[in-house]
Amino acid sequence: MVAAESPQIHPVVLIGGGPGAWDLITVRGMHALQEAEIILADHLGPVQQLDKLCDVASKELIDVSKLPYKRQTSQEKINELLIEHALAGRKVARLKGGDPYVFGRGFEELQALTAASIPVEVIPGVTSAISVPALAGVPVTQRGIVHAFTVVSGHLPPGHAKSLVDWQALAQSGATLSIIMGVKNSAAIAQALINGGRCASTPVAIIQEGTMASERVYKCVLGDLAETVRKEQVAPPAVFVIGEVAGLNSQDAQ
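Calculation criteria
- Residues numbered from 1 in each chain as written.
- Predicted model: local features only at pLDDT ≥ 70, side-chain atom pairs only at ≥ 80, totals over all residues.
- Heavy atoms only, no water.
- Salt bridge = Lys/Arg side-chain N within 4 Å of Asp/Glu carboxyl O.
- Helix = DSSP H or I, 4+ residues; strand = E, 2+ residues; numbered from the N terminus.
- Buried < 20%, exposed > 50% of the residue type's maximum accessible area, 1.4 Å probe, protein only.
- Pairing = 2+ DSSP bridges.
- Contact = heavy atoms within 4.5 Å.
- Polar contact = N/O pair within 3.5 Å; in protein donor to acceptor, adjacent residues only side chain to side chain.
- Axes fitted to C-alpha atoms, helices over the stretch in contact; angles between N-to-C directions.

*Asks:* Run through the pattern of salt bridges, naming residues and quoting values.
*Replies:* On inspection of all chains with the given rule, the structure shows six salt bridges. For Asp 42, the salt bridge is made with Arg 94, and the minimal N-O distance between the two is 3.0 Å. With a gap of 52 residues between them, Asp 42 in the loop between strand E2 (38–41) and strand E3 (60–63) and Arg 94 in strand E4 (residues 92–96) connect regions that are remote in the sequence. The burial state of Asp 42 is the same as that of Arg 94; both residues are buried. Among the salt bridges present, the one from Arg 90 reaches Glu 60, with a minimum N-O distance of 2.8 Å. Here Arg 90, found in the loop between helix H2 (75–87) and E4, pairs with Glu 60, found in strand E3; they are 30 residues apart in sequence, far enough to count as distant. Look at the salt bridges and you will find they share partners, linking Asp 42, Arg 94, Lys 96 and Glu 109 into a network.

*Asks:* Tell me about the pairing of E4, and please be specific about residues and values.
*Replies:* Most of E4 sits inside the fold, with five of its five residues counted as buried. Burial of E4 is two-sided: the residues Val 92, Arg 94 and Lys 96 facing one way and the residues Ala 93 and Leu 95 facing the other way are all buried. For strand E1 (residues 12–16) and E4, the ladder comprises four bridges, and the chain directions are parallel. The partner of Ile 15 across the bridge, within E4, is Leu 95.

*Asks:* Could you give an account of the environment of Glu 215, with specific residues and numbers?
*Replies:* With respect to the helices and strands, the residue Glu 215 is situated in the loop between strand E8 (203–208) and strand E9 (216–221). Spatially, the C-alpha atoms of Glu 215 and Asn 79 are 32 Å apart, while their sequence positions differ by 136 residues. Those residues within four positions of Glu 215 in sequence are excluded, and the remaining contacts are Ala 136, Ile 207, Gln 208, Glu 209 and Gly 210. Within the structure, Glu 215 has its side chain in polar contact with the backbone nitrogen of Thr 211 (distance 2.8 Å).

*Asks:* An account of the sheet that holds E8 is needed here, citing residue identities and associated values.
*Replies:* Spatially, E6-E7-E10-E8-E9 is the arrangement adopted by the five strands of the open sheet, whose pairing is mixed. A strand with exactly one partner marks an edge of an open sheet, and here the two such strands are strand E6 (149–153) and E9. If you compare each strand with its neighbour and ignore which way they point, the axes differ by 20° on average. With five bridges connecting them, E8 and strand E10 (residues 238–242) associate as antiparallel partners. Within the sheet, the bridge partner assigned to Ala 205 lies in E10 and is Val 241. Sheet contacts for helix H4 (residues 128–135): E6, strand E7 (176–180), E8 and E10; angle to E10, the most-contacted strand, approximately 80°.

Take it as geometry only, folks, not as evidence of what the structure does.
Dropping the structure here:
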């Protein structure tokens, strides 16, 4: 009796899908989707328009969304699915929003796969922290105004026991702050920055659903951030840009 051969193990591809619009994924990412047999996808990135990037009918699509404050697929379950399908010999693509390594937990997935002796390929993506402001007309740096920017996760409020963010240092840094996942904690974030020394009149740009047809952009000052979020019913996904660059307009480029 001849023993069955073990299936060939293909590299799992971690793909950064970009900020949302389907045509902002990289060419390499698109090619990886075309080669995949199974796609495990988040809710961010070009999920709703995958048909523009690959033959969706020939793929198995698994929704592993982590919706803010709603249904969540645990990271442990995602890791299990990646390992299960890879060990079955399938060509697996893991499609994430933005970039896999910018608050995307991509490195955690690489660690889990590596521990299971499964090779991994990482395809970087365009992070929303920079691309969303850019498409909304807001540069995160500008000669003569600011020479640094910091990308910050706002999913934990200032003062939270598990927060690793030094809000006082950010307030005093002078850098542009690009804050993602901060809608729920906008009031606490604004107050922490003001308490830390950032002026309440600092310009702020709020971009909701950036790069998409449903994009909305609001301008305010730091002291009014929470009220603007409440009044305009801003909902995730949204990016806050805090700094003098948020007050620039097209005339300032001349």
